[in-house]
Structure formats: C-alpha cells, structure tokens
Amino acid sequence: MESAGGPPTAGSLVWRLSLKWRVAVDRAVAPLGLTHARYVLLSSLYGLRRGGQAPSQRRLAEHTGLEALYVSKLARALEADGLLARDRDPVDTRAVRLVLTDRGVEVTRGAIDVVQGLLDQLLAPLGGLHGERTDAFVADLTTLLATPLDAATSPDPGLPDPGLPDATPPPEG
C-alpha cells in the first residue's frame, strides 16, 4: 500500500496499525472468552457506568462507533454468556439499557488490565502510556477523528469506507 512506489501513505499506515491492534487485542483477550468487539463493548460499558451513566444500546453504539444492530447482537451474546443484562428503560420502553453482571465486571476488569499492558507495549516507542509523544499522538488522532468529512467526498453511508477500517466487525462465531 504505497503511493506510486513511494513511502506508505498516512491512510495505509492508519489501516495497518488498526489491523495490528485489532489482531493483538483479539489474541490477548481470547483466553477470557472475548473478542476485540466484545471487549470494546464491555470496557466502554464499564467506563460509562463508572462515569455515572446508564447507557442504552444506542448510546453505547454511538460511543464505540459500532453499528447499533451489531451492538444489539453483541449484547444478546454477552447476555447469554452471563456478562451483562439487557433491561427495558422504564421511561422509554423502546430503549434497552445494558448493565454488567458481577461476572461481567470481573471479566471486564481482567480484560482492561490485559489490554492496558498491550497498549503500553504498543506505545513504548513513544514513551509508553504517559509519554509526551503518546499525548501528542492521542491529540492528533482525536483531531483526525473529530474532523468531519465533506459530504461530496464521503462514501455512501451504506457502504464501508475503503480508506478506513470497517467499524462493523464480522459476525461473532
């Protein structure tokens, strides 16, 4: 994925780093019975709940960047595994609120520890989790993610963007 035989493009590097991270997390959390997508859902739910929020499936989808339908499918599977409960919102009966079970909290805490160690390893060349270069890298990534794409150049919302990793991982097996 080089530009006309030259050095790799920024898009190519982001894509490759994203794939590297996804595979590394999948491997790291597999012993806990999780996949990267399940980890993202559980750790996001854990963090939002610690922040005092009781997120709905839709809110969790917005927070994670995963499709709402995929979050619903993951939540059903995680409920079947005893890691979370899905409850109807008493105010809006169309909304489903997600709550970690005690076992879900335990598994999620373990997974967070594993992934934090992995992240520190990945970020070691930039000074680790708390290095100045890591802080600058995070700021740059945040800026790029917050930059809206021009509607004229944006891909059809129903199609995956060929320049970005697919935000909807393959179905759980």
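Residues numbered from 1 in each chain as written. Predicted model: local features only at pLDDT ≥ 70, side-chain atom pairs only at ≥ 80, totals over all residues. Heavy atoms only, no water.

**Looking at the nonpolar core**
Working step 1: Ranked by internal contacts, the top residues of the largest apolar core, which has 29 residues, are Val29, Leu34, Tyr39, Leu41, Leu42, Leu84 and Leu98.
Working step 2: Contributing elements (two or more residues each) for this core: helix H1 (10-29), helix H2 (36-50), helix H3 (57-64), helix H4 (68-80), strand E2 (96-100) and helix H5 (102-123).
Working step 3: When residues in this core are grouped by element, the largest group, eight residues, is from H2.
Working step 4: Each residue touching Leu34, except ones within four places of it in the same chain, is listed here: Asp26, Val29, Leu42, Leu83, Val107 and Ala111. (Core = buried A, V, L, I, M, F, W, Y, C linked by side-chain atoms within 4.5 Å. Buried < 20%, exposed > 50% of the residue type's maximum accessible area, 1.4 Å probe, protein only. Helix = DSSP H or I, 4+ residues; strand = E, 2+ residues; numbered from the N terminus. Contact = heavy atoms within 4.5 Å.)

**Overview of the environment of Thr35**
Working step 1: Mapping Thr35 onto the fold places it in the loop between H1 and H2.
Working step 2: A relative accessible area of 24% places Thr35 in the partly exposed class.
Working step 3: Between the C-alpha atom of Thr35 and that of Val23, which follows or precedes it by 12 residues, the distance is 9.4 Å.

**Comments concerning the packing of H2 against H3**
For any two helices packed against each other, the geometry is given by the interaxial angle and the distance between the axes.
Working step 1: At a minimum axis separation of 10 Å, H2 and H3 run at an interaxial angle of 105 degrees. Between H2 and H3, the crossing angle belongs to the class labelled roughly perpendicular. Between H2 and H3, the contacting residues are Val40, Leu41, Ser44, Leu45 and Leu48 on the first element and Arg59, Leu60, His63 and Thr64 on the second.
Working step 2: Here the residues of the contact of H2 with H3 are counted per class, giving five nonpolar, three polar and one charged. (Axes fitted to C-alpha atoms, helices over the stretch in contact; angles between N-to-C directions. Parallel < 35°, antiparallel > 145°, perpendicular 65-115°, else oblique. Nonpolar A, V, L, I, M, F, W, Y, C, P; charged D, E, K, R; others polar.)

**Points about the environment of Thr9**
Working step 1: Note on placement: Thr9 falls in the segment before H1.
Working step 2: Judged by relative accessible area, which is 34%, Thr9 ranks as partly exposed.
Working step 3: In this structure the side chain of Thr9 is engaged in a polar contact, spanning 3.1 Å, whose partner is the backbone nitrogen of Ser12. (Polar contact = N/O pair within 3.5 Å; in protein donor to acceptor, adjacent residues only side chain to side chain.)

**Looking at the pairing of E2**
Working step 1: Only one face of E2 is covered, namely the face carrying Val96, Leu98 and Leu100; the face carrying Arg97 and Val99 is uncovered.
Working step 2: Pairing of strand E1 (residues 84-88) with E2, which is carried by five bridges, proceeds in the antiparallel orientation. Bridge pairing in E2 links Asp87 to Arg97. (Pairing = 2+ DSSP bridges.)

**Focus on the confidence of the model for the protein**
Working step 1: On average, residues of the protein carry a pLDDT of 85, and 84% of them reach 70 or more.
Working step 2: When the elements of the protein are averaged for pLDDT, E1 gives the smallest value, 90, and H5 the largest, 96.
Working step 3: For residues 156-173, every residue scores under 50 in pLDDT, and the model assigns this stretch 24 contacts once sequence neighbours within four places are set aside. (pLDDT = per-residue confidence, 0-100.)

**So, the pattern of salt bridges**
Working step 1: According to the stated counting rule, one finds three salt bridges in the structure shown.
Working step 2: Here Arg38 makes a salt bridge to Asp81, at a shortest N to O gap of 2.8 Å. One end of the pair, Arg38, is in helix H2; the other, Asp81, is in the loop between H4 and E1, with 43 residues separating them in the sequence.
Working step 3: With relative accessibility at 9%, the residue Arg38 sits in the buried group.
Working step 4: Looking at Asp81, the relative accessible area reads 37%, which means it is partly exposed.
Working step 5: Note that Glu79 is salt-bridged to Arg86, the shortest N-O span being 3.2 Å.
Working step 6: Glu79 gets classed as partly exposed once you look at its relative accessible area, which sits at 33%. (Salt bridge = Lys/Arg side-chain N within 4 Å of Asp/Glu carboxyl O.)

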